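The primary structure of each chain is shown beneath.
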Amino acid sequence: MNGDGNEYRIARFRDRLAREDVAELGVRVEVRGEAILLTGTLPTTGRRDEILRLADAELAGVPVRADLLVACADPPDRPEELS
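Residues numbered from 1 in each chain as written. Predicted model: local features only at pLDDT ≥ 70, side-chain atom pairs only at ≥ 80, totals over all residues. Heavy atoms only, no water.

(A) The sheet that holds strand S1 (residues 27–32), seen in detail. The sheet built from 3 strands is open, its strands ordered S1-S2-S3 with mixed pairing. Strands at the two margins of the open sheet, each flanked by one partner only, are S1 and strand S3 (64–70). Across this sheet, the average inter-strand angle for adjacent strands is 10°, counted without regard to direction. Relative to S3, strand S2 (residues 35–42) runs parallel, the two sharing 7 bridges. Bridge pairing links leucine 38 to alanine 66 in S3. (Pairing = 2+ DSSP bridges. Helix = DSSP H or I, 4+ residues; strand = E, 2+ residues; numbered from the N terminus. Axes fitted to C-alpha atoms, helices over the stretch in contact; angles between N-to-C directions.)

(B) Inspection of the environment of valine 31 at higher detail. Mapped onto the elements, valine 31 comes out in strand S1. In sequence terms valine 31 and glutamate 7 are 24 residues apart; their C-alpha atoms lie 9.4 Å from each other.

(C) Here's a closer look at the pattern of salt bridges. Per the counting criterion, the structure on display carries 6 salt bridges. The partner of glutamate 58 in a salt bridge is arginine 12, and the shortest N-O contact between them spans 2.8 Å. Residue glutamate 58 is located in helix H2 (residues 45–58), and its partner arginine 12 is located in helix H1 (residues 4–18); the two are separated by 46 residues in the primary sequence. A relative accessible area of 9% means that glutamate 58 is categorised as buried. Because the salt bridges share partners, they merge into one network encompassing Arg12, Arg16 and Glu58. (Salt bridge = Lys/Arg side-chain N within 4 Å of Asp/Glu carboxyl O. Buried < 20%, exposed > 50% of the residue type's maximum accessible area, 1.4 Å probe, protein only.)

Here it is as structure tokens:
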């Protein structure tokens, strides 16, 4: 990925991830060739959707690949058996 404009946009995107309503520090933003790779684990699908929406807005025109996992925080559906 070339160009100071893209570097500025990536820095702004990282800043927005760390601040504002998102405040998500668990997402890594890496430049991979001509694309941006987002990786990390998020607490909800809503949070993942918000990160992807923000990436589309901040990095329009730049290919974004996302490997964002959602942590399952659901309680177990049965008691744990200890032996």
